[in-house]
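Results of the structural survey
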Amino acid sequence: MNLDKLKTIDEIDVSGKRVLVRADLNVPIKDGRVTDATRLERVLPGVKALADRGAKVIVISHFGRPKNGPEAELSLKPIAEAMQHLLGRPVAFGSDSIGADADKTVGSLKNGDVALLENLRFHKGEEKNDPKFAEELAKLGDIFVGDAFSCAHRAHASTEGLTHFLPSFAGPLLMEEINALRTALEKPLRPTAAVVGGAKVSTKIPVLTNLVAKVDKLIIGGGMANTFLQATGVMVGNSLAEPEFDATARDIMTEAKRKGCEIILPVDAVIAREFKEGAASEVVAVDNVPFDAMILDVGPKSVTRVTSVLESCKTLLWNGPLGAFEISPFGEGTFALARAAANLTKAGKLVSVAGGGDTVAALNAAGVTEDFTYVSTAGGAFLEWLEGRELPGVMALAREKAN
Ligand code: AMP
């Protein structure tokens with residue numbers, strides 16, 4: 001995928017044009033109100049800029065996973081109200097994403113106006129990437145802007161299909177995500193480190209395989225470190241581990257050696273006999289875990305070791321917590337590393353890029369999100385990028401075509 005071919009929406013005149021913007025408006029809603037507007041706050045400056053440039057902006061998005069057509073609780077209507085509030089201008093709401101009602105809503109827009117259309121997934125054609133549905137959507141706009149990086153790993157009508165019918169451009173938020181990820185993974189300042197944590201090796205094999213070929217230091221934490229430790233002959237007691245992936249872990253370590261990537265595993269651990277808030281815990285060396293205890297976090301010596309690795313690196317890519325961070329006191333390793341990375345970033349010594357739902361939650365809990373160079377809220381798309389996969393919603397925008 002030649003990402004240098006991505007055309008951004010800044011490059012063309014949008015005045016008087018109907019611009020269809022695919023955003024990701026999957027924000028948490030409770031009792032009809034948006035409870036966390038972070039995603040909206042990130043995408044709305046791009047919407048506002050288009051409106052200020054005289055475009056008629058039509059925002060489209062999915063919301064949740066409707067099973068069989070429209071569902072009242074999965075309507076985007078409350079989000080139109082939140083958008084209106086945050087934008088400080090009216091947002092027209094179309095109660096369908098295609099057809100007569102969508103036409104009427106779009107037809108009523110004047111230059112500089114903004115509309116939001118109803119949940120795309122109320123139509124089966126969206127997730128099936130049905131060309132007929134994409135064509136119906138395309139009738140509503142003159143230009144398409146893909147600005148939902150977090151949905152770009154799916155080839156749906158609104159992420160991929162539309163690009164076959166309209167001149168298509170990358171939106172500012174999508175560009176921001178791609179530039180951050182390229183800075184960390186494709187053209188990083190070296191040496192580079194990656195932290196991969198989380199529950200299981202089995203869910204992140206392609207990520208680990210891709211990263212050993214790209215980074216200089218791979219720090220493994222979380223439950224998946226247990227499988228790696230076990231693969232080197234360490235007894236991990238009652239810890240979460242996947243013995244059936246011992247061989248995979250050994251293959252990854254062999255490949256890392258061949259590629260000149262150093263794998264760093266925990267040297268000590270916080271263990272407990274119960275997986276619950278406030279459980280009695282102690283710190284032991286990783287080769288000293290009793291048979292009935294579980295490793296639930298990395299220990300202080302591991303944090304010191306990993307911090308010194310980060311001090312020797314210029315770029316950090318992070319996905320996955322080092323321990324069961326949601327349950328006190330097993331978040332300390334993750335939080336300590338988050339603070340260390342944030343401090344190095346603030347001192348201008350490290351470019352730090354992190355992503356994935358749990359990682360974002362852990363950085364928020366540590367209060368350091370703002371100090372990282374970039375924190376991606378994209379879950380699946382972020383992981384697929386780390387796997388080195390081409391994302392259909394990005395490829396479609398980078399495709400050579402007569403725009
Ligand atoms: P993932 O979705 O693969 O990134 O996994 C994140 C989850 O891994 C979090 O919910 C953590 O609580 C969990 N986790 C991390 N370390 C451990 C561990 N040592 N034992 C059990 N669960 C863990």
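Figured I'd write up the structure that's included with this text. (Residues numbered from 1 in each chain as written. Predicted model: local features only at pLDDT ≥ 70, side-chain atom pairs only at ≥ 80, totals over all residues. Heavy atoms only, no water.)

Let us look at the overall build of the chain. For the chain, the count of helices and strands is 14 helices and 17 strands. Taken over the C-alpha trace, the chain has a radius of gyration of 23 Å; the compact-globule value for 403 residues is 22 Å, and the two agree within 12%. When the backbone C-alpha atoms are referred to their principal axes, the chain occupies close to 70 × 45 × 40 Å. Residues classed as buried in the chain amount to 56% of the 403 residues present. Expressed as a percentage of contacts within the chain between residues at least 6 apart in sequence, the contacts between residues at least 24 apart total 74%. Of the roughly 17000 Å² of accessible surface on the chain, 51% is carried by carbon and sulfur atoms. Charged side chains of the chain number 46 positive and 52 negative; the gap between the two group centres comes to 3 Å. (Helix = DSSP H or I, 4+ residues; strand = E, 2+ residues; numbered from the N terminus. Rg over C-alpha atoms; globule rule 2.2 N^0.38 Å. Buried < 20%, exposed > 50% of the residue type's maximum accessible area, 1.4 Å probe, protein only. Contact = heavy atoms within 4.5 Å. Areas by Shrake-Rupley, 256 points an atom, 1.4 Å probe, with all protein chains shown as cover. Lys, Arg positive; Asp, Glu negative; His and termini not counted. Charge placed at Lys NZ, Arg CZ, Asp CG, Glu CD.)

Near the ligand there are 13 residues, and of these A199, K204, I295, E326 and D358 occur at the shortest range. A199 is positioned with one of its backbone polar atoms (N or O) 3.0 Å from an oxygen atom of the ligand. With the chains in place, 80% of the 510 Å² that the ligand exposes on its own is no longer accessible. Mapped by element, the contributors of at least two residues to the shell around the ligand are α8 (222-231) and β14 (294-298). In terms of residue class, the shell around the ligand is built from six nonpolar, four polar and three charged. (Near = heavy atom within 4 Å. Polar contact = N/O pair within 3.5 Å; in protein donor to acceptor, adjacent residues only side chain to side chain. Nonpolar A, V, L, I, M, F, W, Y, C, P; charged D, E, K, R; others polar.)

Let's shift gears to the side chain of D24. Take D24: it is sitting in the loop between β1 (18-22) and β2 (29-30). At a separation of 3.0 Å, a polar atom in the side chain of D24 contacts the main-chain amide nitrogen of N26. Filtering out sequence-adjacent residues up to four positions away, D24 remains in contact with R39, S61, H62, A148, S150 and C151.

The subject of this paragraph is the sheet that holds β14. Taken in spatial order, the three strands make up an open sheet running β13-β12-β14, and their pairing is antiparallel. Because the sheet does not close on itself, it has two edges, and the strands there are β13 (281-285) and β14. In this sheet, neighbouring strand axes are inclined to one another by 40° on average, regardless of whether the strands run parallel or antiparallel. Bridge analysis of strand β12 (residues 268-272) against β14 gives four bridges, and the strand direction is antiparallel. Within β14, the position partnered with I271 by the bridge is I295. (Pairing = 2+ DSSP bridges. Axes fitted to C-alpha atoms, helices over the stretch in contact; angles between N-to-C directions.)

Examined against the element boundaries, M395 turns out to sit in helix α14 (residues 392-398). It is 31 Å that separates the C-alpha atoms of M395 and D101, two residues lying 294 residues apart in sequence.

The subject of this paragraph is the packing of aromatic side chains. This model, assessed by the stated rule, comprises two aromatic pairs. Both rings, one in W318 and one in F372, keep their centres 6.3 Å apart while their planes meet at 45°; by these two values the pair is tilted. Here the residue W318 occupies a position in strand β15 (residues 315-319), and F372 occupies one in the loop between α12 (357-366) and β17 (374-376), the gap between them amounting to 54 residues. (Phe/Tyr/Trp six-rings, centres within 6.5 Å; stacked < 30°, edge-to-face > 60°.)

Here we take up the sheet that holds strand β8 (residues 168-170). Strand order in this open sheet of six strands is β5-β6-β4-β1-β7-β8, and the pairing throughout is parallel. Strands with a single pairing partner mark the edges of an open sheet, and in this sheet they are β5 (91-94) and β8. Here the average twist between neighbouring strands, direction ignored, is 25°. Pairing of β5 with strand β6 (residues 114-117), which is carried by four bridges, proceeds in the parallel orientation. Note on β6: the bridge partner recorded for G94 is L117. Along the sheet face, helix α1 (residues 38-52) touches β1, β4 (56-60) and β6 and points at about 155° away from the line of β4. Across the sheet, helix α3 (residues 99-107) is in contact with β1, β4, β5 and β6; its angle to β5 comes to roughly 165°.

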